[in-house]
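# Reading the structure
Each chain, letter by letter, is given below.
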Amino acid sequence: AWGLRNPFRTPHDPNAAGTRFFINDVGQGTWEEIEAAAEGLADVVRSAARPPLLVISSDMNHFAPDEENRRLDRMALDALASGDPQRLLETCREHQISMCGVIPAALVMATLHKLGHEFRVKEIAYTTSGETGGDRSRVVGYAGTLFLAE
């Protein structure tokens, strides 16, 4: 199963064995919409001959000074580490954290819960654009995390 920003412009071979797409719009990203999409994605995963790799791609917060960006990113990463998709959504919305992949992250976590999978989130790296570009007045946060089976 692949989550795609614009699936109609993505090349693929429809004759390839095992090629399946799960295309769903989560609308405004309400919890009810995410939960419905998670049930659909869980159905796709359940019917797969072998479990697919679910990948989420996202920056963290955007364009705050480095220190503030790190504070906001830490709140989002702590919410992600809790494994609770609703907490992640609420944290990002309440604190106006501009993590662009918050909805896909919540969707994958909700899907794992619907599948009955216990998991933990391991943070493997964190940085901001200030560390590579030097300008710390307006940075973007970047993190690498893994969802590991318990």
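Here goes a summary of the coordinates provided.

How each quantity is defined
Residues numbered from 1 in each chain as written. Predicted model: local features only at pLDDT ≥ 70, side-chain atom pairs only at ≥ 80, totals over all residues. Heavy atoms only, no water. Helix = DSSP H or I, 4+ residues; strand = E, 2+ residues; numbered from the N terminus. Contact = heavy atoms within 4.5 Å. Areas by Shrake-Rupley, 256 points an atom, 1.4 Å probe, with all protein chains shown as cover. Phe/Tyr/Trp six-rings, centres within 6.5 Å; stacked < 30°, edge-to-face > 60°. Axes fitted to C-alpha atoms, helices over the stretch in contact; angles between N-to-C directions. Parallel < 35°, antiparallel > 145°, perpendicular 65-115°, else oblique. Left-handed = near helix turned anticlockwise from the far one by under 90°. Nonpolar A, V, L, I, M, F, W, Y, C, P; charged D, E, K, R; others polar. Core = buried A, V, L, I, M, F, W, Y, C linked by side-chain atoms within 4.5 Å. Buried < 20%, exposed > 50% of the residue type's maximum accessible area, 1.4 Å probe, protein only. 1 Å grid on protein atoms, 1.4 Å probe; cavity = no way out; pocket = protein on both sides within 12 Å on 5 of 7 lines; lining within 4 Å. Points joined across faces, edges and corners; volume = space filled by probe spheres on them.

## Quick word on the overall build of the protein chain
Helices and strands together make up the secondary structure of the protein chain, namely five helices and three strands. A sequence separation of at least 24 residues applies to 60% of the contacts in the protein chain between residues at least 6 apart. Total accessible area computed for the protein chain in this model is approximately 9,300 Å², and 50% of it derives from carbon and sulfur atoms.

## Here we look at the packing of aromatic side chains
Following the criterion strictly, the structure yields one aromatic pair and no others. Their ring planes at 0° and their centres at 5.4 Å tell us that Phe119 and Phe147 sit as a pair that is stacked. Of this pair, Phe119 sits in strand 2 (residues 119–128) while Phe147 sits in strand 3 (residues 139–149), and the two are 28 residues apart along the sequence.

## Some details on the packing of helix 2 (residues 66–81) against helix 3 (residues 85–94)
Packed helix pairs are characterised by how far apart their axes lie and by the angle those axes make with each other. Contact geometry for helix 2 and helix 3: axes closest at 8 Å, N-to-C directions at 165°. It follows that helix 2 is roughly antiparallel to helix 3 by the angle criterion. Both helix 2 and helix 3 take part in a crossing whose hand is right-handed. Residues Met75, Ala76, Asp78, Ala79 and Leu80 of helix 2 form the contact with helix 3, whose participating residues are Arg87, Leu88, Thr91 and Cys92. Partitioned by chemical class, the residues of the contact of helix 2 with helix 3 number six nonpolar, one polar and two charged.

## Observations regarding the nonpolar core
Core analysis: the largest hydrophobic core is formed by 30 residues, its most contacted members being Ile34, Leu80, Leu88, Cys92, Ile97 and Met99. Looking at this core, the elements that each hand over two or more residues are helix 1 (31–47), helix 2, helix 3, helix 4 (102–114) and strand 2. With eight residues, helix 4 is the single largest residue contributor to this core. Setting aside residues up to four positions removed in sequence, Leu80 forms contacts with Leu88, Ala105, Met109, Val121, Thr145 and Phe147.

## Looking at the layout of surface pockets
Rolled over the atoms, a probe sized like a water molecule indicates the empty space that remains. Here the second largest pocket is characterised by a volume of approximately 620 Å³. Considering the residues around the second largest pocket, the lining is formed by 27 residues, among which Leu54, Ile56, Val108, Leu146 and Phe147 are closest to the centre. If you list the elements that add at least two residues to the lining of the second largest pocket, you get helix 2, helix 4 and strand 3. Considering every element that reaches the lining of the second largest pocket, the biggest residue donor is strand 3, with seven residues.

By themselves these figures say nothing about function.
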